[in-house]
Number of protein chains: 2
Amino acid sequence: MPIGLNLPSNILPIEGIELGCISAEIYRKKKRNDLSIIKLAEGTGVAAVFTTNQFVAAPVEVAKQHLKEKSARYLLINAGNANAGTGARGFKDAKISCESVAKLTGCEIEEVLPFSTGVIGEYLPLVNIQNVLPDLLSDLSKDNWMKVAEAIMTTDTISKAYSKQVEINGKIATVTGICKGSGMIRPNMATMLAYVATDAAVDGIFLQDILQQAVNKSFNRITVDGDMSTNDACILMATGKANNSLIKNCESDDYDAFYAAILDVFSHLAQTIIRDGEGASKFVTVKVENGYSQQDCLKIAYQIAHSPLVKTALNASDANWGRILAAVGSAKAEYLDINKVNIFLNDVCIISNGERAANYSEEQGQAVMQLTEITITIDLQKGNESETVWTTDLSHDYISINADYRT
Amino acid sequence: MPIGLNLPSNILPIEGIELGCISAEIYRKKKRNDLSIIKLAEGTGVAAVFTTNQFVAAPVEVAKQHLKEKSARYLLINAGNANAGTGARGFKDAKISCESVAKLTGCEIEEVLPFSTGVIGEYLPLVNIQNVLPDLLSDLSKDNWMKVAEAIMTTDTISKAYSKQVEINGKIATVTGICKGSGMIRPNMATMLAYVATDAAVDGIFLQDILQQAVNKSFNRITVDGDMSTNDACILMATGKANNSLIKNCESDDYDAFYAAILDVFSHLAQTIIRDGEGASKFVTVKVENGYSQQDCLKIAYQIAHSPLVKTALNASDANWGRILAAVGSAKAEYLDINKVNIFLNDVCIISNGERAANYSEEQGQAVMQLTEITITIDLQKGNESETVWTTDLSHDYISINADYRT
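Conventions and cut-offs
- Residues numbered from 1 in each chain as written.
- Chains lettered and ligands numbered in written order.
- Predicted model: local features only at pLDDT ≥ 70, side-chain atom pairs only at ≥ 80, totals over all residues.
- Helix = DSSP H or I, 4+ residues; strand = E, 2+ residues; numbered from the N terminus.
- Rg over C-alpha atoms; globule rule 2.2 N^0.38 Å.
- Buried ≥ 20, exposed ≤ 12 C-beta atoms within 10 Å, placed from the backbone.
- Contact = placed C-beta atoms within 7 Å.
- Axes fitted to C-alpha atoms, helices over the stretch in contact; angles between N-to-C directions.
- Parallel < 35°, antiparallel > 145°, perpendicular 65-115°, else oblique.
- Left-handed = near helix turned anticlockwise from the far one by under 90°.
- Pairing = 2+ DSSP bridges.
- Domains from an automatic or database assignment.
- Nonpolar A, V, L, I, M, F, W, Y, C, P; charged D, E, K, R; others polar.
- Expected span 1.5 Å × (residues − 1).
- Arc of directions from axis to C-beta.
- Core = buried A, V, L, I, M, F, W, Y, C linked by C-beta atoms within 7 Å.

Turning next to the overall build of chain A. Scanning chain A from N- to C-terminus turns up 11 helices and 16 strands. Its C-alpha atoms give chain A a radius of gyration of 22 Å, within 12% of the compact-globule value 22 Å for 407 residues. In terms of its C-alpha atoms, chain A occupies a principal-axis envelope of roughly 70 × 55 × 35 Å. Out of the 407 residues belonging to chain A, those deemed buried represent 57%. Across chain A, the fraction of contacts at a sequence separation of at least 24, relative to all contacts at a separation of at least 6, is 80%.

What follows is the structure in structure tokens.
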């Protein structure tokens, strides 16, 4: 059961973006839509970030290569098969899938970007894909965001989408995004795919800066299990159809409002992945405040967010704060004064200046731990930097989901 | 159920070492022996390594301080309470416990080292300890190794001890060790305590080198859950009663044989911790071979050993090698050529030069995964360095044990 998450509503189309999906029988457990396509109007700017896993999947290699050569017109996305660990044949398969789209649409191979998510180490069922491509293309519509949000899911239990509008120079621009992912989630992208589009006019090179910045504060700040996938990708598209004056840099009119809308969509999508985290029963925000450096804050936040002992205590609603304290101490922060550390569960102060707070009672801690939304705040009293990471507990369901994934 | 582990047998006494234990009612779940003492003959050399957690427990602080001042005569060890996160009072409590031993035995406070393991964040029940000290001291005997091995346990399901003999200059020397630990286990010491003694005569300063070296190849190469405790300690004692010619350095007579015996005891004890790992159903050896650097090998080995996805696949006996491959790729090794990587499950080659081996069949992989002892070998074909790490799977029992620990 996702935490505090309903089916998305009010998802707005983006002028210049059409989407479609179909079943290519790639997904093995049952027949469902598992092949999707996104068509971009000519002139749409495209920015992308990909997994930093060194065992990068074939489609990621191909997409990176194509992005260098041309501006994308089609994104082809399959769920159920990651086309990773498939060597030279996997690379060729990804290329051929792009070529098939190019032939049917009259675009260049390099104008097609391939994306795959699912089981690692199996070859892509290329014929299945080729067979359904004509029907897939005829499904294209600007109103298919929700259908495609569902078609890209793997272990997700709910589809993930979000829209936001913002005024730029008196023009209304829309930002709409979808994503998938619920396990193998950690910083620097995980088994996740995210596609965000806007009709705002944004300079193509600056679009990449915006994407990188937004990803660093959203998808790169979530962790379910600390595992990093071979296929992660996050794409930001700007069609320019809103006819606002071009956003070129941070000084452009209404840039701040625009970036706030973008970050809102990214943060919302990133958090939906955690809320739908594998086996998750809690949505946990880990805030590390007043650290000497951003790096120290992140080290401590991730040490807490990755600790199986903290995560099992969260699962059991056990205010076992000793495990939080042990995680803080083992994060190897460069500047840590353990006698200054304060720790809060929501508003309850547990640790004050490095030891159990005088007024803290076990009952107070337990009351917070019973909640499904918990914020762990670590106040380092060492500087002015702060970082926030979102995570989940570690549950029996996580084990069941991941022990049974291929069976 | 520990994996391939029986109650230790043939544990040999060490001339110059006496041990005792008793119940001080520190352990909350039931009445059992939970307070132990080890007495060292005058002139015994003592070497020690401690946790690198920055939130270091009070007894560790006191023990470090005392070791600087004097040579230890008594080690006082309690299970059930970690005396960590207890601030100034915790430090004072640890000091007072040493003082109480000193008063009764006529030694100096600084000749007593305190050790605690158990729940974090509760004050030590000092009066309980003081009340039983006279009876504890009267229990001292050179034959109590097994009793004390049991008295220091917390979540362990079986006591851990090992003995080995070695000839040095025609004299038989004995090495005997005990340890505890089964969760919060990761490199650089974890919720573990280990006490190893030998009657060999070893130079006091060189003893520390030997300890550090042996720990780096044993206790620092095991991981259950990647969590690091606040209380870990490993002590090596040398009484000199074997009357061998003093081992001063690596050039000393029979040093190699002596070090081999020490490393054998350390490795055996370290592996027993994994075999008794919380919820463990598999004993897993991760070997990374032919790496460019030791650091690259360790990064990859730990990335695999810590991956919840690899560990749940191991638990399910699922040869989901894609997860191993993804872990190799996300380890951020400095020198990795993914097209050269070979991966083996025991003797079965799964990945050859970066992709699925031509002859590999799912049945072969599954056959290995059904075993309780599994070796994952990563051959990097990048250099001459190799490293080995021992770990376990991640099971429902791990969740149950850690969700219920304090209840």
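Moving on from the coordinates now.
The subject of this paragraph is the packing of helix α7 (residues 294–306) of chain A against helix α9 (residues 321–330) of chain A. Residues and elements named next belong to chain A. Orientation of α7 relative to α9, taken along the N-to-C sense of each, is 140 degrees, at an axis distance of 8 Å. Relative to α9, the element α7 lies oblique. Here α7 runs over α9; the crossing is right-handed. Between α7 and α9, the contacting residues are Ile-300, Gln-303 and Ile-304 on the first element and Ile-324, Ala-327, Val-328 and Ser-330 on the second.

Strand pairs in the sheet, formed through backbone hydrogen bonds, run parallel or antiparallel to each other. Residues and elements named next belong to chain B. Here five strands make up an open sheet; going across it, the order is β3-β10-β8-β7-β6 and the pairing mixed. Among the strands making up the open sheet, the edge pair consists of β3 (45–50) and β6 (160–168). Going from strand to strand, the sheet's axes swing by 10 degrees on average, the running direction of each strand aside. The pairing of strand β7 (residues 171–180) with strand β8 (residues 193–198) spans six bridges and is classified as antiparallel. Within β8, the residue paired with Val-175 across the bridge is Thr-198. Here helix α1 (residues 58–69) sits on the sheet and contacts β3 and β10 (233–238); the angle it forms with β3, its principal contact strand, is near 145 degrees. Running over the sheet, helix α5 (residues 204–216) touches β3 and β10 and is turned about 35 degrees from β3.

Moving on, we get to the sheet that holds strand β11 (residues 283–291) of chain A. With mixed pairing, seven strands are arranged side by side in an open sheet as β9-β16-β11-β15-β12-β13-β14 (chain A). Looking at strand neighbours, the two that pair on one side only are β9 (222–223) and β14 (355–356) of chain A, the edges of this open sheet.

Residues and elements named next belong to chain A. By domain assignment, chain A separates into domain 1 (17–275) and domain 2 (283–391). Once you take the C-alpha centre of each, domain 1 and domain 2 turn out to be 34 Å apart. Listed per partner, the contact involves eight residues of domain 1 and eight residues of domain 2. Elements with a contribution of two residues or more to the side of domain 1 that touches domain 2: β9 and α6 (255–275). It is α6 that provides the largest number of residues to the side of domain 1 that touches domain 2, a total of three residues. Of the residues that constitute the side of domain 1 that touches domain 2, the class distribution is three nonpolar, three polar and two charged.

Right, let's talk about the pairing of strand β1 (residues 17–22) of chain A for a bit. Residue and element names in this part refer to chain A. When you tally the buried positions in β1, you get five out of six residues, the bulk of the element. The sheet contact formed by β1 and strand β2 (residues 35–40) spans six bridges and is antiparallel. Bridging from a neighbouring strand, Cys-21 pairs with Ser-36 of β2.

This brings us to the environment of Lys-382 of chain B. Here Lys-382 of chain B lies in the loop between β15 (373–379) and β16 (385–391). Not counting residues up to four positions away in its chain, the partners in contact with Lys-382 of chain B are Asn-290, Gly-291, Tyr-292, Tyr-335, Asp-337 and Lys-340 of chain B.

Residue and element names in this part refer to chain A. Over its 13 residues, helix α5 (residues 204–216) runs 19 Å from end to end, which matches the ideal 18 Å to within 8%, given 1.5 Å per residue. Within α5 the residues assigned to the buried category are Leu-207, Ile-210, Leu-211, Ala-214 and Val-215. Here the buried residues of α5 occupy an arc of 125 degrees about the axis, which is enough to place them on one side. The elements touched by buried residues of α5 are β3 (45–50), β10 (233–238) and α6.

Before going further, it helps to examine the packing of helix α2 (residues 87–105) of chain B against helix α3 (residues 126–138) of chain B. Residue and element names in this part refer to chain B. Between α2 and α3, whose axes approach to 10 Å, the crossing angle comes to 25 degrees. The angle between the axes of α2 and α3 places the two elements in the roughly parallel class. The way α2 lies across α3 gives a crossing that is right-handed. Residues Asp-93, Ile-96, Ser-97, Ser-100, Val-101, Leu-104 and Thr-105 of α2 lie in contact with α3, whose contacting residues are Leu-126, Ile-129, Gln-130, Leu-133, Pro-134 and Leu-137.

Take helix α8 (residues 308–315) of chain B next. Residues and elements named next belong to chain B. The buried count for α8 comes to eight of eight residues, which makes it a mostly enclosed element. Three or more residues of α8 are buried, namely Pro-308, Leu-309, Val-310, Lys-311, Thr-312, Ala-313, Leu-314 and Asn-315. Once α8 finishes, Ser-317 follows within two positions and takes phi at roughly 55 degrees, a positive value.

Here the focus is unusual backbone geometry. Residues and elements named next belong to chain A. Even without being a glycine, Asn-243 presents a positive backbone phi close to 60 degrees. Inspection of the secondary structure assignment puts Asn-243 in the loop between β10 and α6. With 13 C-beta atoms packed within 10 Å, Asn-243 lands in the partly exposed category.

This part is about the nonpolar core. Ranked by internal contacts, the top residues of the largest apolar core, which has 260 residues, are Leu-75 of chain A together with Leu-75 of chain B. Not counting residues within four places of it along the chain, the set of residues in contact with Leu-75 of chain A comprises Ile-37, Ile-38, Leu-113, Phe-115, Tyr-195 and Ile-235 of chain A.

With that settled, consider the pairing of β15 of chain B. Residue and element names in this part refer to chain B. Note: strand β11 (residues 283–291) against β15, seven bridges, orientation parallel. Looking at the pairing, Glu-289 lines up with Asp-379 of β15. Examined bridge by bridge, strand β12 (residues 342–345) and β15 share four bridges and lie antiparallel to one another. Among the inter-strand pairings, Leu-345 is bridged to a residue of β15, identified as Ile-376.

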